[in-house]
Structure formats: C-alpha cells, structure tokens
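As a plain string of letters, each chain reads:
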Amino acid sequence: METWDLIKDTDEAYYAGGPSILPDLLPGNVPDFPNYMWREYGQRVGVWRLLDVFDELSVKPECTVNAKTCLERHEMVKAAMDRKLQIIPHNYEQGELLTQYFNDPLKEEEVIKNTLDVYKETTSLIPQGWLSSSLRGTENTANILVKNGIRFYCDAMNDDQPYIIDTDSGPIVSIPYSNEINDFTLLTRRGHTTDEFRDILIEEMNVLYQESKATSKIMNIGLHPHVSGRAYRVRAIREFLEAAKELEGIWWATRSQIAEEYLKQSEEHI
C-alpha cells in the first residue's frame, strides 16, 4: 500500500520507487500524470479487487504501508486493520529511498523514526518489522531498526529461510522478501501473461513444498495493487491461492509469527 509524491523538488528524473508504465521519465518537478495515475489505479480500484479475492478465499495477506498512505489514503489502511491483517512500515513515501542517505545515518534514522511515529499514531499498533522502499536500504539500516525496536527486516532477498543479522545494537531477524516472485518483475518488467504468472507461482510453491519435507521454506509473493489488481490479472492470484489451499501442512504465517518462532531456534541454524 504505497503512496507517491506527484512532484519532487528536482530537475532529475523522478524514480517513484518502482517501474513506470511509460519509460521516458520526466523531471521530478514536472507532473507525470500517466505514470502517477497508473499507480493510483491501485489505490482507487486494484487494492479493493485484491481484498475481495483474499476475503473470498479466507486468506490474510500482509500489507506493507508507507507513512503517507496512513496519512493520505487511510481508508486502505483501515480496510487492512478491519480484516486484522498485519501491517508493516514501508518508508515514509515510496519515492524517497534510504539509499539517498547512505552517507548520512542521522538523516536515514530521521526518516525511519518519522515513519514509525506516523505508523503508531495512525494505527495504534506497535511496529514489528520494516521493508524499505524499493528494497533499497543501506549498511546502516538494520542497526537503526534495532535501535528503534524493530524485530524483523525484509529487505534481504538471498534465502528461502529466515536468518539473524547481527548489528552493533543487537540482532534482527531477516525474513526474506522477493523481487523474483513479484508482480513487478514477472508482469511489468518481463511481460508474462496472466496464465504464465499463475504457473510461475505454482511452480515455485511446488518446489518449495517438496523441499520443505526436509527443512521449512518461506514463499513470499510481492504484489502491488496497480499491477496484480488489474481485472485481467487477478485470476492468477485467485487460482494460485486455490492451489495452495489444496496442500497439507502449509503455515499461513505472518512475519511476526515467523520471527517469534525463528528466535526460539536460531542458535541451531546456520
């Protein structure tokens, strides 16, 4: 559940924390209505279509949420809270990347703190985890998160299992996200069809399911309402979830639950 600024105070091309539908990016200080409104479709239409599918199948996804979404598009956040979905802080605004402050940890911490403050004020929840916009954290991010009471971190994409990241302020559980099993990658960047998207999700699931007989595996699917929430694509999500529900022994866990369980056995893990 992301929110993008329409303009930025810059003459540089504005990367809004994800791919655009029109490739020729405008300077940040020029409104790019086609790209902005393509994304806004997800807020106005796509998210509700996806929630209908999740409701129909009694599946509870997790929602990563920008602070600006909490402030400016709170009806989406409220819909997630009404369904008791876990909500994970996801930067202040989608087009502001933490890597902009790679050499300024105090400024990076300010962005993170401001995000967490808005999250707490608008949801009355205690934040447990973090996903950076566009997955672009810095060498300082994990340490800053631990200092601010965060238990798990989702930017790493280098495993099918959780693991511990040690920082100067203490450990944090890495619970992998995926930019491979992700609608941006599969649909927007690679141009797969709805059927191919569904088949890729099912193939990934089937392999991990077989491997999980020896050791547990996580399958993360990154969805964006303006991508998967299109009418001609949402069928892929429904049919994948229907296939997943046929398998025995799947734990439909939240990241908080995974972190809590993993910490009980992390010393025995690599």
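Treat the numbers as computed from the prediction; the structure is a model and nothing was measured.

## Observations concerning the nonpolar core
Membership of the largest hydrophobic core comes to 28 residues, with the highest contact counts inside it found for Ile-112, Trp-130, Leu-145, Phe-152, Tyr-153, Ile-172 and Ile-175. Of all the elements in the fold, those that place two or more residues in this core are helix H4 (105–123), helix H5 (141–147), strand S4 (152–153), strand S5 (163–167), strand S6 (170–174) and helix H9 (255–265). Among the elements that take part in this core, H5 stands out by supplying four residues, more than any other. Residues within four places of Leu-145 in sequence aside, it is in contact with Ile-112, Trp-130, Ile-150, Tyr-153 and Ile-172. If you look at the next biggest cluster of nonpolar residues, it comprises 21 residues, including Val-53, Phe-184, Leu-187 and Leu-241.

## Points about the pattern of salt bridges
In this structure the tally under the stated criterion is 19 salt bridges. In this structure, Arg-238 and Glu-56 form a salt bridge, with 3.5 Å as the shortest nitrogen-oxygen distance. Linking Arg-238 in helix H8 (residues 234–244) with Glu-56 in helix H1 (residues 33–57), this pair joins segments that are 182 residues apart in sequence. Arg-238 sits in the partly exposed class, given a relative accessible area of 25%. The partner of Asp-195 in a salt bridge is Arg-198, and the shortest N-O contact between them spans 3.4 Å.

## Details of unusual backbone geometry
The phi torsion at Lys-84 lies on the positive side, around 60 degrees, for a residue other than glycine. Along the chain, Lys-84 turns up in the loop between helix H3 (74–82) and strand S2 (87–89). For Lys-84, a relative accessible area of 69% translates into the label exposed. Even without being glycine, Ser-124 reaches a positive phi, approximately 60 degrees.

## Things to note about the sheet that holds S4
Judged by pairing direction, the sheet is mixed, and its four strands sit side by side in the order S3-S4-S6-S5 without closing on themselves. With one partner strand each, in any of the chains shown, strand S3 (129–130) and S5 form the two edges of the open sheet. In terms of strand pairing, S4 meets S6 through two bridges, oriented parallel. Considered in S6, the bridge of Phe-152 is made with Val-173.

Rules used in this analysis
- Residues numbered from 1 in each chain as written.
- Predicted model: local features only at pLDDT ≥ 70, side-chain atom pairs only at ≥ 80, totals over all residues.
- Heavy atoms only, no water.
- Core = buried A, V, L, I, M, F, W, Y, C linked by side-chain atoms within 4.5 Å.
- Buried < 20%, exposed > 50% of the residue type's maximum accessible area, 1.4 Å probe, protein only.
- Helix = DSSP H or I, 4+ residues; strand = E, 2+ residues; numbered from the N terminus.
- Contact = heavy atoms within 4.5 Å.
- Salt bridge = Lys/Arg side-chain N within 4 Å of Asp/Glu carboxyl O.
- Pairing = 2+ DSSP bridges.

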